[in-house]
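# Commentary on secondary and tertiary structure
Here is how the chains run, residue by residue.
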Amino acid sequence: MMTDVIIVRKDEQNTSEWSGGVTTQLGIWPRGAEYKTRNFGWRVSTARVELAESTFTALPGVHRWLMMLEGNIHLVHEGIRELDMKPFEPVAEFDGGWTTRSAGRCRDFNLMTKDGYTGGLGFVPKAASDVEVFGDSEAESWETFYCVAPRLELSFEGKSIVLMQGDFLLLHAEAERKAASLQIIGSYEEIPAARAFIRRTEAK
């Protein structure tokens, strides 16, 4: 089954302000959905926290995953738990309806899902030569990669892909897609990309 390969270049992305800094939307589903009206099934974004202390936007009905790209923060889910977070670990998974505060400045990577979708965050290891995608999922699936290296060269199903820092790659497959391999071309001294994957948990 064919896979859609979509590249969103850095200068094509939409950046807006939030109470603690700025956020950049990388991908949203379904196409045409809007974060401000909350009519999305999933959303991937990156954000800068520019205040020493900030309170996250309340998002009841939204499940969230959060990973640092730069900087360290102390994350507080009020009355539930606290986490010290540094680049790429750990990944915080939490309910968007929780009262969540952070101390520290950072740049982060976010995944939000609503009912009917699930997912997770990770990264491409600096020594990786390939990354398995889709994992024999029987559901509609999305694999996304946010380039943090100055330049990242990839190959997917015979197609050459070059990402520059800040570019976003989205792979979309309909149901019953077999596992595939995304080849990493060259070697990298640092982690080259953050990753978010999403699976549909119910029929369209």
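In short, a report on the structure. All of these numbers come straight from a predicted model, not from anything done at the bench.

Looking only at helices and strands, the chain has 0 helices and 19 strands in total. For 204 residues, the compact-globule estimate of 2.2 N^0.38 gives 17 Å, and the C-alpha radius of gyration of the chain, at 17 Å, lies within 12% of that figure. Principal axes of the C-alpha set define a box for the chain whose edges measure 45 × 40 × 30 Å. Long-range contacts, defined here as pairs at least 24 residues apart, represent 72% of the contacts in the chain between residues at least 6 apart. Summed over its atoms, the accessible surface of the chain is roughly 10,000 Å², and 48% of this surface lies on carbon and sulfur atoms. Of the side-chain charges in the chain, 23 are positive and 30 negative, and the distance between the mean point of each set is 3 Å.

Moving on to the sheet that holds strand 12 (residues 117-124). Across the sheet, which stays open at both edges, the 5 strands sit in the order 1-17-14-19-12 with antiparallel pairing between neighbours. The strands lining the two open edges of the sheet, one partner per strand, are strand 1 (3-8) and strand 12. Ignoring strand direction, the axes of neighbouring strands in this sheet form an average angle of 15°. Pairing of strand 1 with strand 17 (residues 168-173), which is carried by 6 bridges, proceeds in the antiparallel orientation. Bridge pairing in strand 17 places Ile7 opposite Leu169.

Attention now goes to the pattern of salt bridges. On inspection of all chains with the given rule, the structure shows 9 salt bridges. A salt bridge links Glu70 to Arg107; the nearest nitrogen and oxygen atoms lie 3.1 Å apart. Here Arg107 lies in strand 11 (residues 106-113) and Glu70 lies in strand 6 (residues 63-70), a separation of 37 residues in the sequence. Each of Arg48, Glu70 and Arg107 takes part in salt bridges that share partners, so that together they form one network.

Once that is clear, we can look at the pairing of strand 13 (residues 130-133). By the alternation rule, side chains of strand 13 split into Val131 and Val133, which are all buried, and Asp130 and Glu132, of which none is buried. In this structure, strand 13 lies alongside strand 18 (residues 180-185), joined through 4 bridges in antiparallel fashion. When the sheet's bridge partners are listed, Asp130 is paired in strand 18 with Gln183.

Looking now at the packing of aromatic side chains. Tallying each qualifying case throughout the model produces 8 aromatic pairs. Look at Trp29 and Trp42: their rings are 6.4 Å apart centre to centre, the planes differ by 5°, and that puts the pair in the stacked class. A residue pair is termed long-range when its members are at least 10 positions apart, and Trp29 in strand 3 (residues 21-29) and Trp42 in strand 4 (residues 42-49) qualify at 13 residues. Classification of Trp42 as buried rests on a relative accessible area of 0%. Three or more aromatic residues link up through ring pairs in this structure, and these residues are Trp29, Trp42, Tyr117 and Trp142. Of note, Arg38 hangs over the ring of Tyr35, and the distance from its end group to the ring centre comes to 4.4 Å.

Reading guide: rules and limits
Residues numbered from 1 in each chain as written. Predicted model: local features only at pLDDT ≥ 70, side-chain atom pairs only at ≥ 80, totals over all residues. Heavy atoms only, no water. Helix = DSSP H or I, 4+ residues; strand = E, 2+ residues; numbered from the N terminus. Rg over C-alpha atoms; globule rule 2.2 N^0.38 Å. Contact = heavy atoms within 4.5 Å. Areas by Shrake-Rupley, 256 points an atom, 1.4 Å probe, with all protein chains shown as cover. Lys, Arg positive; Asp, Glu negative; His and termini not counted. Charge placed at Lys NZ, Arg CZ, Asp CG, Glu CD. Pairing = 2+ DSSP bridges. Axes fitted to C-alpha atoms, helices over the stretch in contact; angles between N-to-C directions. Salt bridge = Lys/Arg side-chain N within 4 Å of Asp/Glu carboxyl O. Buried < 20%, exposed > 50% of the residue type's maximum accessible area, 1.4 Å probe, protein only. Phe/Tyr/Trp six-rings, centres within 6.5 Å; stacked < 30°, edge-to-face > 60°. Lys NZ or Arg CZ within 6 Å of the ring centre and 35° of its normal.

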